[in-house]
2 protein chains.
Amino acid sequence: MTTPSRVGADVGAREVGLPATVRADGLPERVTIWEVGARDGLQNESTVVPVEVKLEFLSRLADAGLGVLEATSFVHPKWVPQLADAEELLAGLTKVDGVSYPVLVPNERGLDRALAAGVRHIAIFGSATETFAKRNLNRTLDEQFAMFEPVVARARAEGLDVRAYVSMCFGDPWEGPVAADQVAAVGKRLVDMGASQLSLGDTIGVATPGQVESVIAATAAAGVPVADIAVHFHDTYGQALSNTLAALRLGVTTVDSSAGGLGGCPYAESATGNLATEDLVWMLDGLGVHTGVDLDRLADTSAWMAERLGRPAPSRVVRALRG
Amino acid sequence: MTTPSRVGADVGAREVGLPATVRADGLPERVTIWEVGARDGLQNESTVVPVEVKLEFLSRLADAGLGVLEATSFVHPKWVPQLADAEELLAGLTKVDGVSYPVLVPNERGLDRALAAGVRHIAIFGSATETFAKRNLNRTLDEQFAMFEPVVARARAEGLDVRAYVSMCFGDPWEGPVAADQVAAVGKRLVDMGASQLSLGDTIGVATPGQVESVIAATAAAGVPVADIAVHFHDTYGQALSNTLAALRLGVTTVDSSAGGLGGCPYAESATGNLATEDLVWMLDGLGVHTGVDLDRLADTSAWMAERLGRPAPSRVVRALRG
């Protein structure tokens, strides 16, 4: 006689703690998380968040241990009304020692505004493909470089750090797959111009780990040190974290992510967008890779922001810990 | 003068195709997907699906190219009413040549029912930890083995294949982290008993890639060939796919997943459960690892099943392609 098994039946729950730490070979000791929630996240939310809430969000993110907080954008408010309060936000910001607050700057007019606001670290946003350059910037790739040249030159002359985003590095919704050499050539040109860091973006979330390896290898072979390459993955197809793991194994030590998974790619509205910072930190904590981030405090912050936005956080970790 | 940049603004959408294929070193040529949607998926859904729908689901999964379809369970209907129709389902099943239809069998009574229904491939469901064995089976680990011994012996004597699930291999909601040697010892004992395959399960979804490597290495060191080890990851904390990548790099070639991400772990109800087959196939297609699965057809099937269940599919790929 056997007692019936309860396989799969609910037998009671208990709080799950943080992940166990077991290191894996071939990974960096530390990773810098470039937190994009306040800019890339909020600019893709349909709700326009009041500046006070943004300021509290940034303050909470710094308290959670994040060291790089992309704060806002000087893109024209016509295009991104969610960030129309950039000046007000920067004027109200209480900067935490040791935390960097880069700001996205699309062009010379944006740089004027950034300099007037006392910004010390900017990011420009380029395309790896002709079609996206045309669609997003209304320019050819050559015209894109011509637009960025004076921006980067002036920023560097003023002593600013410049990061260059390269979007559509792994696939473009109009062109399809993007050649690794194409990404490498665009990235190298931006570095030659004066960018100190590239962020290789999978804007539509289609990349897989072999492609990630090939694009990073091609960019490094073109002469960009791996230490100057960051990765920016979207979780549209659920691939962001395995792609991140592949990049870390190649020596990448800067990873972009968005607290709570805020925001997303407007070309795949039905799906999630940016890699969630919590999901990234869970993996890195488990791997014993130092980030300086307190996962519990960060999850609290994202749960708080999700309430402000009136919807659950896309992050799986946030939903599991705070859902 | 510069035209305002439209960075991040919606500039029109286009259908995204399947991922580009770029192989990565150190991965297997092919992977067998053990599709658990009809059993592990549906037993964790609150909706009880009619047997006709289950039969159409299994038929569609076979059409999509899946070669192993865990069909149902002979667990007592008191515990899993969702699968109370196991006999009816197997009687109505039109088996496709080359497709295997394993069935979960918890104990001797379940084996009687499976044999009477003509089942040729069974799976048993054990625990890696004392506490979960007690909670789920009301047994100590030794009593768990004593319960399985006659089941496996009779099944093997009847010429059946036997897979052994080992649950809570990476964390247990009551015990916390689980030692790799503990998992290896439990797994080895089940293999010695006659199981031809182990499925190492992260039932609560907490594992990270270093831990995956350590548990697989310990199990292999205990004498279980890596070829006989399958992995079963849950996406509760978003880690399933990076854990899968780590397992593949160690030579694992059988991966469990659930079409559309059906089902989930009852201990983390607010979050998602099984790794979605589509998210797995996206990565494997991108890596050029052969699975035999037609991703488009599979996504159609999961979208169809999501309609039957009256809620979106948890799979990110399904939402992105069909949302």
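Since this is a predicted model, take the numbers as computed values, not measurements. The residue numbering used here restarts from 1 in each chain and proceeds along that chain's sequence as written. Lettering for chains starts from A, numbering for ligands starts from 1, and both go in the order in which the items are written. For this predicted model, a pLDDT threshold of at least 70 governs which residues receive local features, and a threshold of 80 or more governs which side-chain atom pairs are given and counted, while totals over whole chains, interfaces and linings are taken from all residues. Here the side-chain values reflect all heavy atoms present in the structure, with hydrogen atoms and water set aside.

**Section: the environment of Ile 204 of chain A**
Residue and element names in this part refer to chain A.
Link 1 in the chain: With respect to the helices and strands, the residue Ile 204 is situated in the loop between β7 (197–202) and α8 (209–221).
Link 2 in the chain: By relative accessible area, Ile 204 is classed as buried at 4%.
Link 3 in the chain: Once the C-alpha coordinates of Ile 204 and Met 168 are considered, the two residues, 36 residues apart in sequence, prove to be 7.0 Å apart. Strands here mean DSSP runs of E at least two residues long; helices mean DSSP runs of H or I at least four residues long; both are numbered from the N terminus. Exposed residues in this analysis have more than 50% of their type's maximum accessible area, buried residues have under 20%, and partly exposed residues fall in between, with area computed by a 1.4 Å probe over protein chains only.

**Here we look at the packing of helix α4 (residues 108–116) of chain B against helix α6 (residues 141–157) of chain B**
Residues and elements named next belong to chain B.
Link 1 in the chain: Running from N to C, α4 and α6 point in directions that differ by 20 degrees, and their axes come no closer than 9 Å. Of the possible angle classes, the one that applies to α4 and α6 is roughly parallel. Note on packing geometry: the crossing formed by α4 with α6 is right-handed. Of α6, the residues touching α4 (which contributes Glu 108, Leu 111, Asp 112 and Leu 115) are Pro 150, Val 151, Arg 154 and Ala 155. The axes used here are C-alpha line fits, helices contributing only the stretch in contact, and every angle between their N-to-C directions lies in the interval 0 to 180 degrees. Here is the rule for angles: anything less than 35 degrees is roughly parallel, anything more than 145 is roughly antiparallel, 65 through 115 is roughly perpendicular, and the remaining ranges are oblique. Handedness of a helix crossing follows the sense of rotation of the near helix relative to the far helix, less than a right angle counterclockwise being left-handed and clockwise being right-handed. It only takes one pair of heavy atoms within 4.5 Å for two residues to be counted as in contact.

**Observations regarding the side chain of Ser 257 of chain B**
Residue and element names in this part refer to chain B.
Link 1 in the chain: Topologically, Ser 257 is positioned in strand β9 (residues 254–257).
Link 2 in the chain: Whenever two N or O atoms come within 3.5 Å, that pair is a polar contact, provided that in protein one can donate a hydrogen and the other can accept it, and provided that, for residues adjacent in sequence, both atoms are side-chain atoms. Among the polar contacts made by the side chain of Ser 257, one reaches the side chain of Thr 277 at a distance of 2.8 Å.
Link 3 in the chain: Ignoring anything within four residues of it in the chain, the contact list for Ser 257 reads Ile 33, Trp 34, Glu 35, Val 36, Gly 37, Leu 275, Ala 276, Thr 277 and Leu 280.

**Thoughts on the environment of Asn 107 of chain B**
Link 1 in the chain: Checked against the element boundaries, Asn 107 of chain B lands in the loop between β4 (103–104) and α4.
Link 2 in the chain: In this structure, the C-alpha to C-alpha distance between Asn 107 of chain B and Thr 21 of chain B, residues 86 residues apart in sequence, is 44 Å.

**Brief notes about the sheet that holds strand β6 (residues 161–167) of chain B**
Residue and element names in this part refer to chain B.
Link 1 in the chain: Here a strand pair is declared whenever DSSP counts at least two bridges between the two strands. Pairing is parallel across the open sheet formed by nine strands, whose spatial order is β2-β1-β9-β8-β7-β6-β5-β4-β3. The sheet terminates laterally at β2 (68–69) and β3 (72–73), the two strands that pair on one side only.
Link 2 in the chain: By the bridge criterion, four bridges tie strand β1 (residues 32–35) to β9 in an arrangement that is parallel. Within β9, the residue paired with Thr 32 across the bridge is Thr 254.
Link 3 in the chain: Of the strands in this sheet, β7 (197–202) and β8 (229–233) touch helix α8 (residues 209–221), which is tilted by about 150 degrees from β8.
Link 4 in the chain: The sheet contacts of helix α9 (residues 240–249) involve β7, β8 and β9, and relative to β8 the element is tilted by about 170 degrees.

**Section: the packing of aromatic side chains**
Link 1 in the chain: Working definition: a ring pair exists when centres of Phe, Tyr or Trp rings (six-membered ring for Trp) sit within 6.5 Å. Plane angles under 30 degrees give stacked, over 60 give edge-to-face, the rest tilted. Evaluated as defined, the whole model comprises eight aromatic pairs over all chains.
Link 2 in the chain: Note on Phe 170 of chain A and Phe 233 of chain A: the rings are 5.9 Å apart at their centroids and 45 degrees apart in plane angle, and the pair reads as tilted. Highlighted residues: Phe 170 of chain A in the loop between β6 (161–167) and α7 (180–193) and Phe 233 of chain A in strand β8 (residues 229–233), separated in sequence by 63 residues. The pair Phe 170 of chain A / Phe 233 of chain A is uniform in exposure class, with both members buried.
Link 3 in the chain: Ring geometry for Phe 132 of chain B versus Trp 174 of chain B: centroids 6.3 Å apart, planes at 20 degrees, classification stacked. You can see Phe 132 of chain B sitting in helix α5 (residues 130–137) and its partner Trp 174 of chain B sitting in the loop between β6 and α7 (180–193), a full 42 residues away along the chain. Residues Phe 132 of chain B and Trp 174 of chain B agree in their burial class; the two are buried.
Link 4 in the chain: Two thresholds decide whether a charge sits over a ring: the Lys NZ or Arg CZ must be within 6 Å of the ring centre and within 35 degrees of the ring normal. In this structure, Arg 60 of chain A packs its charged tip against the face of Trp 304 of chain A, placed 4.4 Å from the ring centre.

**Focus on the packing of α9 of chain B against helix α10 (residues 277–286) of chain B**
Residues and elements named next belong to chain B.
Link 1 in the chain: Between α9 and α10, the least distance of the axes is 11 Å, while the angle of their chain directions is 45 degrees. Judged by the angle between their axes, α9 and α10 are oblique. As α9 packs across α10, the resulting crossing turns out to be right-handed. Side by side, α9 and α10 meet where Leu 241, Thr 244, Leu 245 and Leu 248 of the first sit next to Asp 279, Leu 280, Met 283 and Leu 284 of the second.
Link 2 in the chain: All amino acids are sorted into three groups, where Ala, Val, Leu, Ile, Met, Phe, Trp, Tyr, Cys and Pro are nonpolar, Asp, Glu, Lys and Arg are charged, and the leftover types, Gly among them, are polar. By residue class, the composition of the contact of α9 with α10 is six nonpolar, one polar and one charged.

**Remarks on the confidence of the model for chain A**
Residue and element names in this part refer to chain A.
Link 1 in the chain: In the predicted model, chain A carries a mean pLDDT of 91, and the fraction of residues at 70 or more is 92%.
Link 2 in the chain: Contacts of residues 1–14 to residues separated by more than four positions or lying in other chains number 44 contacts, the stretch itself having pLDDT below 50.
Link 3 in the chain: pLDDT gives the predictor's per-residue confidence on a scale running from 0 to 100. In the model, residues 265–270 has pLDDT below 50 throughout and makes 22 contacts with residues more than four positions away in sequence or in other chains.
Link 4 in the chain: Reported confidences for the modelled complex are a pTM of 0.94 and an ipTM of 0.93.

**A word on the sheet that holds strand β3 (residues 72–73) of chain A**
Residues and elements named next belong to chain A.
Link 1 in the chain: Spatially, the nine strands line up as an open sheet ordered β2-β1-β9-β8-β7-β6-β5-β4-β3, and their pairing is parallel. Edge positions in the sheet fall to β2 (68–69) and β3, since each has one partner strand and no second.
Link 2 in the chain: Relative to β7, β6 runs parallel, the two sharing four bridges. In the sheet register, Ala 164 faces β7, and the bridge partner there is Leu 198.
Link 3 in the chain: Set on the sheet, helix α5 (residues 130–137) makes contact with β5 (121–127) and β6; between it and β5 the angle comes to about 120 degrees.

**What to know about the pattern of salt bridges**
Once the charged atoms of two side chains with opposite charge are near each other, the side chains can pair.
Link 1 in the chain: One speaks of a salt bridge when a side-chain nitrogen belonging to Lys or Arg is within 4 Å of a carboxyl oxygen belonging to Asp or Glu. Counted according to the given criterion, the structure contains 33 salt bridges over all chains.
Link 2 in the chain: With a shortest N-O distance of 2.9 Å, Asp 85 of chain A and Lys 54 of chain A are connected by a salt bridge. Separated by 31 residues along the polypeptide, Asp 85 of chain A in the loop between β3 and α3 (86–92) and Lys 54 of chain A in helix α2 (residues 51–63) bring together distant segments of the chain. With respect to class, Asp 85 of chain A is no different from Lys 54 of chain A; both count as buried.
Link 3 in the chain: Note that Glu 70 of chain B is salt-bridged to Arg 39 of chain B, the shortest N-O span being 2.5 Å. Taken as a pair, Glu 70 of chain B in the loop between β2 and β3 and Arg 39 of chain B in helix α1 (residues 37–43) lie far apart in primary sequence, 31 residues in all. Neither residue differs from the other here; Glu 70 of chain B and Arg 39 of chain B are each classed as buried.
Link 4 in the chain: Overlapping salt bridges, with partners in common, bring together Arg 39, Asp 40 and Glu 70 of chain A in one network.

**Description of unusual backbone geometry**
Link 1 in the chain: Phi is positive for Met 168 of chain A, close to 60 degrees, though the residue is something other than glycine.
Link 2 in the chain: Its location among the elements puts Met 168 of chain A in the loop between β6 and α7.
Link 3 in the chain: In this structure, Asn 138 of chain B is a non-glycine residue whose phi angle is positive, near 55 degrees.
Link 4 in the chain: Inspection of the secondary structure puts Asn 138 of chain B in the loop between α5 and α6.

**Digging into α2 of chain A**
Residues and elements named next belong to chain A.
Link 1 in the chain: By this rule, a helix spans an expected 1.5 Å times one less than how many residues it contains. For α2, with 13 residues, the first-to-last C-alpha span of 18 Å sits near the 18 Å given by 1.5 Å per residue.
Link 2 in the chain: Structurally, α2 contributes buried residues whose contacts are with β1 (32–35), α1 (37–43), β2, α3 and α11 (295–309).
Link 3 in the chain: Once α2 finishes, Gly 65 follows within two positions and takes phi at roughly 100 degrees, a positive value.

**Some thoughts on the nonpolar core**
Link 1 in the chain: Core analysis: the largest hydrophobic core is formed by 226 residues, its most contacted members being Ile 122 and Leu 190 of chain A together with Ile 122 and Leu 190 of chain B.
Link 2 in the chain: The contacts of Leu 190 of chain B, once residues within four sequence positions are left out, are Ile 124, Phe 145, Phe 148, Ala 164, Val 166, Ala 195 and Leu 198 of chain B. The term nonpolar core refers to a set of buried residues drawn from Ala, Val, Leu, Ile, Met, Phe, Trp, Tyr and Cys, joined through side-chain atoms within 4.5 Å.

**Points about the side chain of Ser 258 of chain B**
Residues and elements named next belong to chain B.
Link 1 in the chain: Among the structural elements, Ser 258 can be located in the loop between β9 and α10.
Link 2 in the chain: The class for Ser 258 is buried, based on a relative accessible area of 0%.
Link 3 in the chain: Contacts of Ser 258, omitting those with residues within four sequence positions, involve Glu 35, Val 36, Gly 37, Gly 41, Asn 274, Leu 275, Ala 276, Thr 277 and Glu 278.

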